[in-house]
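Structural features, examined
Next come the chains, spelled out residue by residue.
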Amino acid sequence: MNLSARLCSLLASLVVASAIGEELEADLLVVGGAESGCAAAVQAARMGVSRVVLVNDIDWLGGQFSAEGLGAIDENRGHGYDGTVPIPRSGAFREIIDAIEEKNSELYGGIRRPGNTRVITTSRPEVSEQVFREFLEPYEKSGQLRRFSGYRVDSVEVDSGRVTGVRFVDAEGTSQLTVRARLTIDASDWGDVIQKSGAAWEAGVDLKSTYNEPSAPVEVEAPNDLNPITWCLILEEQENEVLFAEPEGYDPRYFNGKWGWIDEEFAYTTRRLVDGNGYEEIDHPDILLINTPPIDYPLDVYPEHVEKALEKTEEGASKKNLVAMSPRQREIVFEDAKRHSLKFYHHLQRHFPKFRVMALSDEFGTRDRLPPKPYIRESLRLKAMHMLREQEVVGFEARSNYATAMFPDAVFSWQFEMDFHPTKREWTTDQGAAGPWQANFRGARRFGRGGTGRCVFPLRSLVPESVDGLLGAQKNLGYSSIVSSSCRLHDQSMHAGQASGAVAAIALESGQNPRELWSDPEAMARIWSGLLDAEQGAPLAIWPFSDLDPFDPGFEAIQQLALRRILPLGASDTAFQPDEKATAEWKEQIRSELKKRGYPLSNAGIPGDTRRAVALHLWDRIAEQTISPSFFSETFEWQRDPRRDGVSGIEAPFPEDVIAIDFGGRNGGEKGGYLLDKGAAFEEERGMGWKRDLREQIRVRKIDPDAPRDSFVFTRAADTWELALPDGAWEVTACLGDISHDQSDQNLSIEGVNVVENASTQAGRFLEVKQIVDVTDGRLTLGLGVASGGSNTCLNWIVVRPVTGD
């Protein structure tokens, strides 16, 4: 949609508001037109809510996809940018992404994914915005959905602890709109309804004492530390040079130093939206998204001129969390973030020839040609009925497994890194806050514990702990700051909105408060059915199987059975394998689960040759059966495999005849009675060591720092380690693996016996082997790796004890 058409749309919505007066009645009010708000409105409409009102502060729809300029679409990710996703695209996100790729195909010679970059799908923001507009259009045309643009939240009406209405004003404060609704979903950028309703919320850093998260800090260095905002740039290739004048205050020391490693190739290709020069089919100039760490804008402390401007508005304003600032105060911060991004644009043109023909895109219709909003990574966190914590979302025993906690009231699934961008502003000269600065990482906050497992999000984390009539969406959810860093992307925000819309629909239909639904078997069954309804749109993957597309036959049946815990699943059974033979043993396990859950059983066997066929039959048989109320109060616990957990099972103080070695970091200490091997060559005095110096091949992950499994020595060749021991029979237990990365083709021999050959371990999942050997030369010898090399063999620890005659 071009600028004039968008202005006409805005004027039309204002005229409608004026025509109907200052007040509206609705069943559901959705505040915010970002991706989550759009998904919530459409899902609620699809599930029968007849009067939905969506109020947006700007005319652009789609949030990260469009108004924030983030055209390189980030989504669930398990291990790096490898062109795959751990959970197939689903739900409203799938519909949006398919529509984007279809438009790409029309625009770029049949190429659906024109970026040729690290993410899978890219889109110009204006294309994504049009897709969201078309997504809402059928419901607007039918009158089921009414949309208003250019309004921000002014106040919230609360009656007896329940949100009953929201009053909006336009940017000038001259036009007002009041919407009274039975339920409200807050999908705004900064949790405006939550803040003004009196609902409890949090922002900034969570201390370890708050949720006992392993990666949380014990003390707060910067209370207002948030994931930074970024004002993205969209650049379009021109035929001739289009040099951007040097912005006031430009200094190369903003971008050299720490970020000096960013070369022309990385800057140009890492978030490219259209590779016009890389595909013969594309007759179009290159389009780039610039969203690299040098333009991340930290929110812990501000430059001197920003601090002064904030203090003029209100004493102490510069010390407030960005979330808590007024719109006017945020605008001061936003303007400086824009200036910073434009300085980087000039910097790129000064240093890299390719950028001298790259001009700022005019697609946003803004005076400065920048997106209307910054990329917002973190907002407030709703104090919800349940607060999701780091220890609940990490993979059980391995990152590629299901999360440690798989909640019975699941409403969507996700997986991603615990991803904090640079949150610390560091001054680069002796001018301090009056001079240039760079964004830097604060401690170990970059990735927390590396990443989540395959998680499910509980309904309770959408519901305020006390206020009624209100649900969270977008990034205003019930999770800790660490968890928020993993659940904030395009797809996850859409999933949260879609789930919130489904919860609202069932609450409105049943007349219940949303907080009552999570433990109500009938309500949860209807929520799941609404989210899995293929007749309304792409079903949503609520349970995070890795191998089920939402349009596969039997998708709903398999999801429904998994959600009810009828399928026999272990923590690593993330692939359903629908076309595998349904063995008698597998069917018997299902019968056992059916009996355990109180479903009626027949004496006849379960028909079906494949797992898919069995699932279809079972769901057809039990779909109308009521879930046991006790189901939602159960604690589902995975069974730990002691052979794969990386824990030796012995505790200090060790018996005198037990020797335990931790292959730990050079700066590490002895852990729980283990002797520390730092990779040094063998010394007679120490009585242990390597044939060559491996001190540079020690890694400490700092994920489980009190455990020997947190660190390892590795080799990509063949190396030998020895321990001085009396001759005789010894039992040796060794642990291989890496707590944060997959490792493949690992090899280990003990006293010449190959005990591990070409073995792979998942991130956080280990291989523990035990071997009895005879020492005949006064030294126990371990052989690590193979001479041909090619992959890492990672040794965490060994435990050695004599073999007695007992």
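Scoring rules and cut-offs
- Residues numbered from 1 in each chain as written.
- Predicted model: local features only at pLDDT ≥ 70, side-chain atom pairs only at ≥ 80, totals over all residues.
- Heavy atoms only, no water.
- Helix = DSSP H or I, 4+ residues; strand = E, 2+ residues; numbered from the N terminus.
- Rg over C-alpha atoms; globule rule 2.2 N^0.38 Å.
- Buried < 20%, exposed > 50% of the residue type's maximum accessible area, 1.4 Å probe, protein only.
- Contact = heavy atoms within 4.5 Å.
- Areas by Shrake-Rupley, 256 points an atom, 1.4 Å probe, with all protein chains shown as cover.
- Lys, Arg positive; Asp, Glu negative; His and termini not counted.
- Charge placed at Lys NZ, Arg CZ, Asp CG, Glu CD.
- Polar contact = N/O pair within 3.5 Å; in protein donor to acceptor, adjacent residues only side chain to side chain.
- Phe/Tyr/Trp six-rings, centres within 6.5 Å; stacked < 30°, edge-to-face > 60°.
- Axes fitted to C-alpha atoms, helices over the stretch in contact; angles between N-to-C directions.
- Parallel < 35°, antiparallel > 145°, perpendicular 65-115°, else oblique.
- Nonpolar A, V, L, I, M, F, W, Y, C, P; charged D, E, K, R; others polar.
- Core = buried A, V, L, I, M, F, W, Y, C linked by side-chain atoms within 4.5 Å.
- Pairing = 2+ DSSP bridges.
- Salt bridge = Lys/Arg side-chain N within 4 Å of Asp/Glu carboxyl O.
- pLDDT = per-residue confidence, 0-100.

Another aspect to go through is the overall build of the protein chain. Assigned secondary structure in the protein chain consists of 16 helices and 31 strands. Computed over the C-alpha atoms, the radius of gyration of the protein chain is 29 Å, within 12% of the 28 Å expected from 2.2 N^0.38 for a compact globule of 806 residues. When the backbone C-alpha atoms are referred to their principal axes, the protein chain occupies close to 95 × 80 × 55 Å. The proportion of buried residues among the 806 residues of the protein chain is 59%. Sequence separation of at least 24 residues holds for 74% of the intrachain contacts in the protein chain that already meet a minimum separation of 6. Accessible surface for the protein chain amounts to roughly 31,000 Å². Of this, 46% is attributable to carbon and sulfur atoms. For the protein chain, the centre of its 88 positive side-chain charges and the centre of its 125 negative side-chain charges are spaced 2 Å apart.

When you line up the elements, Glu397 lands in the loop between helix H10 (390-393) and strand E15 (410-414). Classification of Glu397 as buried rests on a relative accessible area of 8%. There is a polar contact of 2.3 Å between the side chain of Glu397 and the side chain of Arg765. Excluding residues that lie within four positions of it along the chain, Glu397 makes contacts with Arg640, Asp641, Asp645, Ala763, Gly764 and Arg765.

Bringing the packing of aromatic side chains into the picture now. Here a ring pair, both rings aromatic, is described through the centre-centre distance and the interplanar angle of the planes. If you walk through the whole model with that rule in mind, you get 28 aromatic pairs. On the numbers, 5.4 Å between centres and 80° between planes, the contact of Phe663 with Trp721 is edge-to-face. Separated by 58 residues along the polypeptide, Phe663 in strand E20 (residues 659-663) and Trp721 in strand E25 (residues 718-724) bring together distant segments of the chain. Accessibility assignment for this pair places Phe663 and Trp721 in one class, buried.

The next point concerns the packing of helix H3 (residues 91-107) against helix H12 (residues 490-510). Where H3 meets H12, the axes come as close as 7 Å, and the angle between the chain directions of the two elements is 130°. One way to sum up the angle between H3 and H12 is to call them oblique. Judged by residue contacts, Gly91, Ala92, Phe93 and Ile96 of H3 engage His490, Asp491, Met494, His495 and Gln498 from H12. Residue composition of the contact of H3 with H12, grouped by class: four nonpolar, four polar and one charged.

Let us look at unusual backbone geometry. Residue Arg369 is not a glycine yet carries a positive backbone phi of 65°. By relative accessible area, Arg369 is classed as partly exposed at 39%.

Next up on the list: the side chain of Thr122. Take Thr122: it is sitting in the loop between H3 and helix H4 (125-141). Assessed through its relative accessible area of 1%, Thr122 is described here as buried. Looking at Thr122, its side chain comes within polar contact range of the main-chain oxygen of Leu273, at 2.7 Å. Those residues in contact with Thr122, other than ones at most four positions away along the chain, are Gly71, Ala72, Ile100, Asn104, Pro114, Gly115, Thr117, Arg272 and Leu273.

This part takes up the nonpolar core. Residues Leu28 and Ile527 are the most contacted members of the largest nonpolar core, which totals 111 residues. Per element, the largest residue contribution to this core is 10 residues, and it comes from H12. For Ile527, the residues in contact, after removing those within four places along its chain, are Val411, Leu459, Ala502, Val503, Ile506 and Leu517. With 67 residues, the next largest nonpolar core counts Leu177, Trp190, Phe334 and Phe344 among its residues.

Now for the sheet that holds strand E27 (residues 743-750). Read across the open sheet, the five strands follow the order E22-E25-E30-E27-E28; overall the sheet is antiparallel. This sheet does not close on itself; its edge strands, each paired only once, are strand E22 (688-690) and strand E28 (753-761). Geometrically, the sheet is characterised by an average inter-axis angle of 15° between neighbouring strands, direction not taken into account. Relative to strand E30 (residues 779-785), E25 runs antiparallel, the two sharing seven bridges.

What follows deals with the pattern of salt bridges. Within the structure shown, the criterion is met by 59 salt bridges. Across the pair Asp206 and Arg381 runs a salt bridge whose closest N-O atoms are separated by 3.0 Å. Here Asp206, found in the loop between strand E7 (201-202) and helix H6 (208-211), pairs with Arg381, found in strand E14 (residues 381-382); they are 175 residues apart in sequence, far enough to count as distant. The same class applies to Asp206 and to Arg381, which are both buried. The salt bridge partner of Arg526 is Glu522, with a shortest N-O separation of 4.0 Å. In this pair, Arg526 and Glu522 both sit in helix H13 (residues 521-531), four residues apart, roughly one turn of the helix.

This next bit is on the confidence of the model for the protein chain. Here the protein chain averages 92 in pLDDT, and 95% of its residues register 70 or above. Note that pLDDT drops below 50 for residues 14-21; the model gives that stretch eight contacts with residues more than four away or on any other chain.

Here we come to the environment of Thr292. With respect to the secondary-structure elements, Thr292 resides in the loop between strand E11 (287-290) and strand E12 (296-297). Each residue touching Thr292, except ones within four places of it in the same chain, is listed here: Ile262, Phe266, Thr270 and Phe344.

What follows covers the sheet that holds E11. Strands sit in the order E10-E11-E9-E13 across an open sheet of four strands; the sheet is antiparallel. Strand pairing shows two members of the sheet lacking a second neighbour, strand E10 (272-274) and strand E13 (358-360), which therefore form its edges. On average, adjacent strands in this sheet sit at an angle of 30° to one another, irrespective of strand direction. Bridge count for E10 against E11 is two bridges, and the pairing is antiparallel. Among the inter-strand pairings, Val274 is bridged to a residue of E11, identified as Ile287.

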